[in-house]
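A look at the structure
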Amino acid sequence: MKSKVFYFSILLVLGFLCLTGLDSSAQTKNVPDYDIVIKNGKVFDGSLKPAIKADVAVKDGIIVKITKSIKGTAAKVINAKGFHVTPGFIDLHTHVDEGMYFPENRSCLNYLKQGVTSIIVGQCGSSAWPIFEKAEDQMNRWSEEGIGPNAALLIGHGMVRQIVLGMEDREPTPEELERMKGLVKKAMEQGAHGLSTGLIYEPGSFGKTDEVIELVKVIAPYGGIYHTHTRDERDKLLDAVKEAVEISESSGAPVHISHFKVMEKPNWGLVREACVIIEEARARGIQVTVDQYPYRFSSGYPYMSLIPSSAWRGSENDEGLTSKDIEEIFDHLRDLQLIELYKKVTPYIPLSEHHQQFLDELPRKRLVRRVARSLISAGNFRGPGNARERTLFLERMDNPEEARKIREQVRTYIENMVGPENFIVGICVEKNLEGKSLKQVAAMKRKSIEDAAIELELMGARCIPLRMCEDDIEYIMKKDYVGTGSDGTAPFYGIGLTHIRSYSTFLHKIKKYALERKTVSLSHVIRSQTSLPAQIMNWDDRGWIKEGYKADIVVLDLKNIITGTSISNPHVYSEGVKYLLINGELVLNRGKWTGKLPGEVIRLKKS
Ligand SMILES: [Zn+2]
């Protein structure tokens, strides 16, 4: 015992000498050994291994040392005692590029607060470029002016198609296909990571499988990846997944299926068969991966009306103001007048040369539509707040035969989508109803489902259908080829309603599925949002806590994760990330943004 104490004292003295020695040498040079040392944290390195206690040192943006105890000086020491240290989270699927156009949103604070250090943009067939600007210009501007998280760009098939074919629903001629291929090639030359499709959205949906194969063949030699919002996420999910696999197999590029899920109650469970298709393909050596967001509801704006428009308007009644009416009004203006009007409302100021050229070359009909939609959305004038439509609806409800038909339509609509138990009140003037299901509201009000729905609609309630089921979410999450992708945006903080995934995906997944439900282990979730996405994107310098890797690091207080966002109040930043490093720079300090924008545009390295 005595000797142990003795040796311990010697060690202490030696350690002290050693430390002071280092200190004085640092003083003479006046340069600390490290920029940042994170001490006493438990480190998840990105693998499935449990966390181990270690210090992590960072210098010049790189992780330079990981060991039990790091001696030496540092410009900043972070005491991570009681916290966990993980690689920065990589979001495989976001739509933040649109919001990031505006300098105010360039930090993507909603993502930094979740621990996200890298994002992939240009998804679902839609990229800001090459219509609004060249890929090169966007990348250069972000690099010069700074962005929050690192960003990698994809080129959107829908945009490429729009440039060459407009909104026409037909196959391209061989010359047109060559032009499309040329646009994709150019983006790849400029550093894009691959191609994305949105095969349910126009004009992406007009593109047949062969067309997509031809375009994906262009990205394959660059080592690019094909991200796809598949052609169907409902009853035809299996065909859609088979198509994705076929495109990969025929083109030679890896395929990544975005926001993998199946929607609407009658289709629940289909994901299991879809996983079989994916796993068979993987067994054949085809690189198929997917991402997922951990919520039961979908869409950037998930709030819906409880009454189908046919029941609200009635088929024989007049239709009220339509988009066609509005386009007819605008059709009286000359091209130049239309463009001048457009300039007054577009948020893209000043118009880039590219954007101006795009407008100049638009066929007349599409120009009218684009300007009309930018100025007035007919949808804004519809619904229970429209006095005329409301009066007509109530008049029909006074007629017993009409009222019976309306109730029947409402009942079938709700039942066929998700059922009354899965329609949740998001925003309502009667606050006690928020968060309740339509079924619960009907019981509370002692009304039928359809009458409760009509009452909610007339008081302007905004409701959310839970289109996916918990079983499917957990089934998918357990797979080792499933990464995390929020599918979120960079909204203006506090403005409008949005999906809560933009604010909470990453911490919600950890808290609900690893800590609370224990669906998967903590290291499984961390891997799904760090090393796995890095591997999918073919990055060999991010996604791990490893020496020589870029210092994208999260220091997480697992016991105090708060995802305060809710469907009644979606704009709430998540809490729990105490410190966040991006490329070695401190971006969150004690949970607060430091004002730094150290994100890099990650360009695909030419292979
Ligand atoms: Zn999508």
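See the structure shown above.
Residues numbered from 1 in each chain as written. Predicted model: local features only at pLDDT ≥ 70, side-chain atom pairs only at ≥ 80, totals over all residues. Heavy atoms only, no water.

1. Describing the sheet that holds strand β7 (residues 116-121)
The cut-off we apply is this: At least two bridges found by DSSP between two strands are what make those strands a pair. To qualify as a helix, a DSSP run of H or I must reach at least 4 residues; to qualify as a strand, a run of E must reach at least 2; elements of each kind are numbered from the N terminus. Here, axes are lines fitted to C-alpha atoms. For helices the fit covers the stretch in contact, and angles between N-to-C directions go from 0 to 180 degrees. The contact rule is simple, with two residues in contact once any of their heavy atoms fall within 4.5 Å.
Pairing is parallel across the open sheet formed by 3 strands, whose spatial order is β6-β7-β8. Unpaired on one side and paired on the other, β6 (89-91) and β8 (150-153) mark the two borders of the sheet. Neighbour to neighbour, the strand axes of the sheet diverge by 15° on average, direction disregarded. Here β7 runs beside β8; their pairing, made up of 4 bridges, is parallel. Within β8, the position partnered with Ile119 by the bridge is Ala151. Across the face of the sheet, helix α20 (residues 501-516) comes into contact with β6 and β7 while running at roughly 120° to β6.

2. Notes on the nonpolar core
Spelled out, the test is: By convention a nonpolar core is built from buried Ala, Val, Leu, Ile, Met, Phe, Trp, Tyr and Cys residues, the set being connected through side-chain atoms within 4.5 Å. Between buried and exposed lies partly exposed: a residue is buried under 20% and exposed over 50% of the maximum accessible area for its type, with that area taken using a 1.4 Å probe on protein chains only.
Membership of the largest hydrophobic core comes to 44 residues, with the highest contact counts inside it found for Val184, Tyr226 and Phe260. Counting residues per element, the ones that place at least two in this core are α5 (157-165), α6 (174-189), α7 (209-219), α8 (237-251), β12 (255-257), α9 (270-283) and β13 (288-292). Broken down by element, the residue count for this core peaks at 7 residues, all from α9. Not counting residues within four places of it along the chain, the set of residues in contact with Phe260 comprises Val241, Val271, Ala274, Cys275, Ile278, Val290, Asp291, Gln292 and Ile476.

3. Notes on unusual backbone geometry
Negative phi is the rule for most residues except glycine; trans is the rule for most peptide bonds. Cis peptide bonds are those with omega within 30 degrees of zero, and the linkage from Glu202 to Pro203 qualifies with 5°. Secondary-structure assignment places Pro203 in the loop between β10 (194-198) and α7. Located in the positive-phi region is Asp487, a residue other than glycine, with phi close to 60°. On the basis of relative accessible area, Asp487 is assigned to the buried category, the value being 9%.

4. A short note on the sheet that holds β12
Taken together, the 6 strands give an open sheet; going across it, the order is β9-β10-β11-β12-β13-β16, and neighbouring strands pair in parallel fashion. Edge positions in the open sheet fall to β9 (155-156) and β16 (482-484), since each of these has one partner strand only. Pairing of β13 with β16 involves 3 bridges; the strand directions are parallel. Each residue of the ladder has a partner; that of Val290, found in β16, is Val482.

5. Describing the environment of Gly166
Along the chain, the position of Gly166 falls in the loop between α5 and α6. Judged by its relative accessible area of 10%, Gly166 is buried. Once the C-alpha coordinates of Gly166 and Gln529 are considered, the two residues, 363 residues apart in sequence, prove to be 37 Å apart. Discounting chain neighbours no more than four positions away, the residues touching Gly166 are Arg161, Pro203 and Arg366.

6. A closer look at the coordination of the zinc ion
This is how the line gets drawn: A donor here means an N, O or S atom no more than 2.8 Å from the metal, or no more than 3.2 Å when the metal is Na, K or Ca. Since water is not included, a site may seem to lack partners.
In this structure, Cys124 (SG), His229 (ND1) and His259 (NE2) serve as the protein donors to the zinc ion, at separations of 2.1 to 2.2 Å. Spacing between the donor residues of the zinc ion along the chain follows C-x104-H-x29-H. Linking His229 in strand β11 (residues 225-229) with His259 in the loop between β12 and α9, this pair joins segments that are 30 residues apart in sequence. Like His229, the residue His259 is buried in the burial classification.

7. Focus: the side chain of Arg542
Applicable threshold: Polar contact is the term for a pair of N or O atoms within 3.5 Å; when the atoms are in protein, one must be able to donate a hydrogen and the other to accept it, and sequence-neighboring residues count only if both atoms are side-chain atoms.
Within the element layout of this structure, Arg542 appears in the loop between α22 (531-536) and β17 (553-556). By relative accessible area, which is 3% here, Arg542 ends up buried. Engagement of the side chain of Arg542 in a polar contact is seen with the side chain of Asn583, the distance being 2.9 Å. Residues in contact with Arg542, not counting those within four places in the same chain, are Ser118, Asn150, Ala534, Tyr549, Lys550, Asp552, Asn583, Glu600 and Ile602.

8. Let's talk about the packing of aromatic side chains
In plain terms, the rule: Two rings from Phe, Tyr or Trp (for Trp, the six-membered ring) form a pair when their centres are within 6.5 Å of each other. A pair whose planes differ by under 30 degrees is stacked, one over 60 is edge-to-face, and the rest are tilted.
Applying the stated criterion across every chain, the model contains 8 aromatic pairs. Where Trp312 meets Phe393, the ring centres are 4.6 Å apart and the plane angle is 25°; that geometry is what we call stacked. With Trp312 in helix α10 (residues 309-313) and Phe393 in helix α15 (residues 387-398), the pair connects residues that are 81 residues apart, well separated along the chain. Considered together, Trp312 and Phe393 belong to a single accessibility category, that of buried residues.

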